[in-house]
6 protein chains.
Amino acid sequence: MLKKLLITGANGTLGRLCRERMHPFAETLRISDLGDLGDAAPHEELVACDLGDKAGVEALVEGCDGIIHLGGQSTEGTWDAVRHANIEGVANLYEAARKSSAPPRIIFASSNHAIGFYKQDENLDAHATTRPDSLYGVSKVFGEAMASLYHDKFGIETASIRIGSCFPEPIDHRMLATWLSFDDFIRLIERIFIVPRLGCPIIYGASNNVGTWWDNTAVQYIGWTPQDSSEGFRAKLDAAMERPDKNDPRALYQGGTFCSDGIHE
Amino acid sequence: MLKKLLITGANGTLGRLCRERMHPFAETLRISDLGDLGDAAPHEELVACDLGDKAGVEALVEGCDGIIHLGGQSTEGTWDAVRHANIEGVANLYEAARKSSAPPRIIFASSNHAIGFYKQDENLDAHATTRPDSLYGVSKVFGEAMASLYHDKFGIETASIRIGSCFPEPIDHRMLATWLSFDDFIRLIERIFIVPRLGCPIIYGASNNVGTWWDNTAVQYIGWTPQDSSEGFRAKLDAAMERPDKNDPRALYQGGTFCSDGIHE
Amino acid sequence: MLKKLLITGANGTLGRLCRERMHPFAETLRISDLGDLGDAAPHEELVACDLGDKAGVEALVEGCDGIIHLGGQSTEGTWDAVRHANIEGVANLYEAARKSSAPPRIIFASSNHAIGFYKQDENLDAHATTRPDSLYGVSKVFGEAMASLYHDKFGIETASIRIGSCFPEPIDHRMLATWLSFDDFIRLIERIFIVPRLGCPIIYGASNNVGTWWDNTAVQYIGWTPQDSSEGFRAKLDAAMERPDKNDPRALYQGGTFCSDGIHE
Amino acid sequence: MLKKLLITGANGTLGRLCRERMHPFAETLRISDLGDLGDAAPHEELVACDLGDKAGVEALVEGCDGIIHLGGQSTEGTWDAVRHANIEGVANLYEAARKSSAPPRIIFASSNHAIGFYKQDENLDAHATTRPDSLYGVSKVFGEAMASLYHDKFGIETASIRIGSCFPEPIDHRMLATWLSFDDFIRLIERIFIVPRLGCPIIYGASNNVGTWWDNTAVQYIGWTPQDSSEGFRAKLDAAMERPDKNDPRALYQGGTFCSDGIHE
Amino acid sequence: MLKKLLITGANGTLGRLCRERMHPFAETLRISDLGDLGDAAPHEELVACDLGDKAGVEALVEGCDGIIHLGGQSTEGTWDAVRHANIEGVANLYEAARKSSAPPRIIFASSNHAIGFYKQDENLDAHATTRPDSLYGVSKVFGEAMASLYHDKFGIETASIRIGSCFPEPIDHRMLATWLSFDDFIRLIERIFIVPRLGCPIIYGASNNVGTWWDNTAVQYIGWTPQDSSEGFRAKLDAAMERPDKNDPRALYQGGTFCSDGIHE
Amino acid sequence: MLKKLLITGANGTLGRLCRERMHPFAETLRISDLGDLGDAAPHEELVACDLGDKAGVEALVEGCDGIIHLGGQSTEGTWDAVRHANIEGVANLYEAARKSSAPPRIIFASSNHAIGFYKQDENLDAHATTRPDSLYGVSKVFGEAMASLYHDKFGIETASIRIGSCFPEPIDHRMLATWLSFDDFIRLIERIFIVPRLGCPIIYGASNNVGTWWDNTAVQYIGWTPQDSSEGFRAKLDAAMERPDKNDPRALYQGGTFCSDGIHE
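Rules used in this analysis
- Residues numbered from 1 in each chain as written.
- Chains lettered and ligands numbered in written order.
- Predicted model: local features only at pLDDT ≥ 70, side-chain atom pairs only at ≥ 80, totals over all residues.
- Heavy atoms only, no water.
- UniProt positions renumbered as here; feature names shortened; annotations may be inferred.
- Helix = DSSP H or I, 4+ residues; strand = E, 2+ residues; numbered from the N terminus.
- Rg over C-alpha atoms; globule rule 2.2 N^0.38 Å.
- Buried < 20%, exposed > 50% of the residue type's maximum accessible area, 1.4 Å probe, protein only.
- Least-squares fit on C-alpha atoms with pLDDT ≥ 70 in both.
- Contact = heavy atoms within 4.5 Å.
- Buried area = accessible area lost by both parts, 1.4 Å probe.
- Salt bridge = Lys/Arg side-chain N within 4 Å of Asp/Glu carboxyl O.
- Polar contact = N/O pair within 3.5 Å; in protein donor to acceptor, adjacent residues only side chain to side chain.
- Pairing = 2+ DSSP bridges.
- Axes fitted to C-alpha atoms, helices over the stretch in contact; angles between N-to-C directions.
- Expected span 1.5 Å × (residues − 1).
- pLDDT = per-residue confidence, 0-100.
- Phe/Tyr/Trp six-rings, centres within 6.5 Å; stacked < 30°, edge-to-face > 60°.
- Lys NZ or Arg CZ within 6 Å of the ring centre and 35° of its normal.

An unreviewed UniProt entry annotates chain A as NAD(P)-dependent oxidoreductase originating from Thalassococcus lentus. As recorded by UniProt, the Sequence similarities (unreviewed entry) comment attached to chain A reads in full: "Belongs to the NAD(P)-dependent epimerase/dehydratase family."

Below is the structure:
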């Protein structure tokens, strides 16, 4: 059990999920985001913080033995937005971790968009060269590289989860492959904090879906076996919308429409 | 759902199976073979056709958006027989597909005999170099190469299934590894037509057997998980016959006795 | 069914297990160890034998069509102890097998300590270069090499099982990854004797544990699927002891404390 | 030194080259093609033969201990042309080899067009899956498969050379990568006949060119080290023509314009 | 020959080298750096520009068909320095390339410090997962990811050169492996601009040194063969200094002392 | 330069070579073998020692900073001979190294017979699974495993050289592939002692022969480039003897006749 678990980006969907569900895994949850965080439960500390504020992030991280780093830009944005939240923010986070009195174990919310330009008939493992599909995807490659640096140099352990699509349910056909259920996500987090030696792995974050493109063999040692599957939603999706054409970006690329979008200006 | 699904080789075992079971997947089944096809059901069109007849094959393919190509020589034969049905026939099929008004998605019934000379203690994935064990096996390598050409050049998608042993049940010890149940075969066909982007994969066609030699990791994206297993037939087989000696071709090679047979003249 | 199955090291934990459980797989069990073997059951022959006694081992092996070689030093020891039992003993065993009137199929009890210096965040398959963690581990590399030689040169088939931790239950956190249940071990032995062609495989011997480091894909053809899992013992272990620190040898290396132990003198 | 070396396709460019240059490697050269073969030198036998004539090919092959099979369609053609010369012809050749009183060692003139659809920024070794770019390319995949079959089944050794561009000099920019000098080709042939054990290798046939896409590491044992390079022709080519645009098939695909050509009808 | 070649970072060592040596490869050299660029030669345009100035970079890039991007922080620095020059600067460069009227081909000066935490007894090819050894190294991973994105999405071709140590001569023992001579560097640049199709390769930038750790097989198609070797400097180095101990970072890691340095604050 | 270099097996061919040639690399050569070592040169210490004598080996090793371990059985022998010299002897050597006041760097004379059962049309790199062809070959696998253990556990660095055929010249056709010239051997030894960090590599010891089976890419960092080639001896060999048939063990296996020899009794 962790003593103090920091959750950044706590006002996002996954942040709220973790705030609600990670209570049993830590004595105290330190909850953080930019804006109003509501009322603190007895086991919670609320700390508003802009990830671009270096000193603020240092204070935020101090005293935590676990971090779930969900904060930042969680989809494509302008370069300024991506750089501020996902470049500057991650740099601040790792410096804070390095300086803290006891270095925390970190979960870094990376993304399938770090490898989005692979096609949907390609199968990837943890050693696949990155192929980002967006500035957002590039920022995730940057974050994984920072995790690698601070592990090799300072021994700080990070699990970078290349999250597929973590939603209540899949909302298009591509997500039948990429869907990560909330429960499987929480189970993965739990395993990452339980395993005695974590190292610095890359993990594909998807449920036990029919038609996956991703192979987590390299991280068997984490001991995570997703329990849910997107299959139960297929009929509903088929009824609601046409399957995309084979050359539609949603059927062509693992990153879907991120691959056909332009640069946000 | 397909509009018109062509089944070639409809009088063979697998052809009859598909004729019976694929009804729900297509508005119309176009049923073809050399000889008498019986009576047409309301959802069926019957077209007798020799695959060596180029014009006939063009007419056969026109208007179909899906093809299950089971026609041709389905075991070792004389060179003339193999060439006529499996070389000439496949060439005609792909030319017809290219010329049709809307190119169909194709299932090509390849065979384990395309890799039959690997030993039974070797594990193969989709990238294994072919090692055919017969003229029949060579003709399947030829067919897979045609599928690759017409995909790269004209965008026609084919799934080449290296069928193990698709029988009601395994009838010798080797088939405990190679058996493909009828139900798993139908489920695979279904997945091939459902997946939005197929590409041009090689798929090993075997059920979820204990002791398999084949690894379908590369085609996880198809989303096929065989449900049946040969294991239930083991005791019956053990009672019926001796296990082959370790150096018997049936225990030595993946292709079994095809590897020890001579050339048919 | 085997005619005569030799079990060496029959007074050890695994030896006693095999003596008790392998009865249905062979007409006769030939039971051997250094010391007192108790009373012979009707289907048993008891043969006391020091593995270092070449002539004795020849007599021991003659007439057997299967051998489970568990005899020898089963943990780190002095060089003299390891050499006598695991070097000399194995050399005697293979010479005896070669000279016997009908060469037996052999199970060689190798060990995870043949690859113990890999870290716990590394995933290994059958082709991983050996990295022994002890003189004992080196002796297992020697044994696997002897198996390879006698297979390539004389056709004698051996399955080398790199046994993880075959105990009634896991007794520390590392064993959550390495545990091999007695039942899974027996099931594996059974498969090794059933498969028509064995070859000379390396098999990782662990149950279906959450967090395994080992990948048996290359030996799918054996048809062994472990049924048990260490997971049910996790809570009990967590209650009984602290999880080791990430840099403790028990969390760092696959071989655990064997890696930090010195040489026994 | 060979006793009798058969050269098929002797009226083609490479055939004439071999007829002229292979004299020192064999006591007798048996020279064959469809048409007029000119006058026989003292060390030559002239045998006109259509490769589609099974009996003729058997007579042609009988008595030869080496074959350089250059005959057939040497570029894209109609299906009928390709099938007759490269499918039927190769089938006849291997049957003749099997039936001959002493099986010959064979050089099969395969082609880069067996893998032509790979891009020019991809590096291939002998294990690359075939990606033919033409019916001609498919026929070469067929020929390599026949070579594999007759090796595994009857022990007949074949070297399949995936010839790049064997011309007096490169005539476009793509050939700077694919050029095979006449001298290097002859040196390769020599090595194939010299090496005690040939097996059934795939060899990329290109000189020591700057900018090659092909890696012959797997056939180091043949001992062929090409001595020539296309580099000396670069300036001349640059002066004579524009470099192709990066998306021109001549710059995009290893097979060049074969990849953008349609089917010959 | 290029029309207009932009050289950024023109006041650095490599910038001055390129300014001097690239004259024959382009009609015009556009020379840029932060400060005073001296006098313009007739074939030169001088443009002072801060890479952090987005509009300035757009103007700088417009009209160029080739870019050698040497500008930015060329060694470890504070995070602010690295971010400004190597993160912001590279983002500006790629946006400018995308917006320019004709997209240029780019050489991105990446660094061995993108993989610096590998040990000196490990051999790397282009597919090695990055292991940066510094914030500087992380910024190079970022730059390579940007190159990949703008290639996959907009077709802009970049060669990322992981430069070893480009100095007049090696100045410590580690550089005997990593040294890149000025001449070899210029030859590499030349090849990158000559090859018709570049794609988006990763290239290790080292001369033909005895004891290299890097394997450029994957980019053979570039056609670069380094001609120089560090070997001639070995005796001089041995005379000038002790070889480092095997556990000294200079002998242990490919990135040398970058791996043992702390974070610059 | 080494202070004191121990050469074991100094009366063998390679031992005498090293005694003669390694003088410039060490202040003192400590020369050892079983029998009479002749007269000591001023830079030599002569120490007769049986490798099976543990205390003797400890004294022998003490004070040396480099060891070339050539002692032991250098070809197939009886098990007793192999065990005494190559099992016991190597165990004694590593124990002595561990106990010495300053651990030496070791060259272990391993052998191609550790992988002799691979065929001559297979290409091996450092990660090939061992396939010994003799008890002698098994003893070399044992030695490599000891080297690995003492490196992982105690930091003692060893280069295991799988020596091909180190003779004045090749004496049969197989040696055209396996020949290691005396000069290349000495150059390799030199590189092993020069490189700052050695680690624990496996190196194939063959000259730059036409037709090699071995790939030393993984040990590029050693910086050894063999200069000699067997090619100059080919004509002489061809004149002296027939090339072996393709199925002769001398043409079939990398280990040659070791593979067809029986066990020495």
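A. Examining the overall build of chain A more closely. For chain A, the count of helices and strands is 8 helices and 7 strands. Its C-alpha atoms give chain A a radius of gyration of 18 Å, near enough to 18 Å, the size a compact globule of 265 residues would have. Principal-axis analysis of the C-alpha atoms places the extent of chain A at approximately 55 × 40 × 35 Å. The buried share of chain A, reckoned over its 265 residues, is 63%.

B. Layout of the relation of the copies chain D and chain F. The two copies are related by a screw operation: chain D maps onto chain F through 120° of rotation and 0.0 Å of translation along the axis, at an RMSD of 0.0 Å. On the angle and the small slide along the axis, the relation comes out as a three-fold axis. Relative to the rotation axis, the C-alpha of Thr217 of chain D is the closest in chain D, positioned 6.3 Å from it.

C. Spatial organisation of the interface of chain A and chain E. At the interface, 33 residues of chain A touch 33 residues of chain E. Summed over both sides, the interface between chain A and chain E buries roughly 2,800 Å², with carbon and sulfur atoms accounting for 61% of that surface. One can count 8 salt bridges joining chain A with chain E. The tally of links from chain A across to chain E stands at 14 residue pairs in polar contact (both at pLDDT 80 or more). Of all elements in the fold, only helix 3 (79-99) and helix 4 (135-154) of chain A reach the threshold of two or more residues within the side of chain A that touches chain E.

D. Here's a closer look at the relation of the copies chain A and chain E. Once turned by 180° and shifted 0.0 Å along the axis, chain A lies on chain E with an RMSD of 0.0 Å. Taken together, the rotation and translation describe the operation of a two-fold axis. Considering only C-alpha atoms, the residue of chain A closest to the rotation axis is Phe142 of chain A, which sits at 2.7 Å. Same-surface contact between copies: 100% of interface residues of chain A are shared with the interface of chain E.

E. Just the sheet that holds strand 7 (residues 202-205) of chain A, in detail. All names here are of chain A. Taken in spatial order, the 7 strands make up an open sheet running 3-2-1-4-5-6-7, and their pairing is parallel. Where the open sheet ends on each side, the last strands, each with one partner, are strand 3 (44-48) and strand 7. Strand-to-strand twist in this sheet, taken as the mean axis angle between neighbours without regard to direction, amounts to 20°. Looking at chain direction, strand 4 (residues 66-69) and strand 5 (residues 105-111) are connected through 4 bridges and run parallel. Residue pairing for strand 5: His69 is matched across the bridge by Phe108. Most of the contacts of helix 4 go to strand 5, to which it runs at about 155°, and overall it touches strand 5, strand 6 (158-163) and strand 7.

F. Broad picture of helix 4 (residues 135-154) of chain B. Residue and element names in this part refer to chain B. An ideal rise of 1.5 Å per residue puts 28 Å on 20 residues; helix 4 measures up with 28 Å between its terminal C-alpha atoms. In terms of burial, helix 4 is largely enclosed, as 18 of its 20 residues are buried. Taken from the residues just after helix 4, Gly155 is the one with a positive phi, measuring 75°.

G. View of the confidence of the model for chain A. Taken over all residues, the pLDDT of chain A has a mean of 97, while the share at 70 or more is 100%. In the predicted assembly, ipTM is 0.97 and pTM is 0.96.

H. Broad picture of the sheet that holds strand 1 (residues 2-8) of chain F. All names here are of chain F. Ordered by their spatial adjacency, 7 strands build an open sheet running 3-2-1-4-5-6-7, and the pairing between neighbours is parallel. Since the sheet does not close on itself, it has two edges, and those belong to strand 3 (44-48) and strand 7 (202-205), each with one partner. Going from strand to strand, the sheet's axes swing by 20° on average, the running direction of each strand aside. Packing against the sheet, helix 3 (residues 79-99) makes contact with strand 4 (66-69), strand 5 (105-111) and strand 6 (158-163), and its axis sits at approximately 165° to strand 5.

I. Main features of the packing of aromatic side chains. Summed over all chains, the structure comprises 49 aromatic pairs over all chains. With 5.4 Å between their ring centres and 20° between their planes, Tyr204 of chain D and Trp214 of chain D make a pair best called stacked. In this pair, Tyr204 of chain D is assigned in strand 7 (residues 202-205) and Trp214 of chain D in the loop between strand 7 and helix 7 (234-240), connecting sequence segments 10 residues apart. Residue Tyr204 of chain D shares its accessibility class with Trp214 of chain D, and that shared class is buried. Three or more aromatic residues link up through ring pairs in this structure, and these residues are Trp79 and Phe142 of chain B together with Trp79 and Phe142 of chain D. It is Arg131 of chain A that lies over the ring of Tyr118 of chain A; its NZ or CZ is 5.3 Å from the centre. Sitting over the ring of Phe154 of chain E, Arg98 of chain E keeps its end group 5.5 Å from the ring centre.

J. Quick peek at the side chain of Ser148 of chain B. If you trace the backbone, Ser148 of chain B turns up in helix 4. With residues up to four places along the chain from it excluded, the contact list for Ser148 of chain B reads Cys200 of chain B together with Thr130, Arg131 and Pro132 of chain D.

K. Quick peek at the arrangement of the chains. The two units chain A and chain F are non-contacting; their minimal C-alpha-C-alpha distance is 19 Å. One finds no contact between chain B and chain F; the C-alpha atoms of the two approach each other to within 15 Å at their closest.

L. Up close: the side chain of Ser207 of chain C. Residues and elements named next belong to chain C. Residue position: Ser207 is located in the loop between strand 7 (202-205) and helix 7 (234-240). Its relative accessible area of 5% is what places Ser207 among the buried residues. From its side chain, Ser207 meets the backbone nitrogen of Ser181 in a polar contact 2.9 Å long. Polar side-chain contacts of Ser207 include one of 2.7 Å to the side chain of Asp184.

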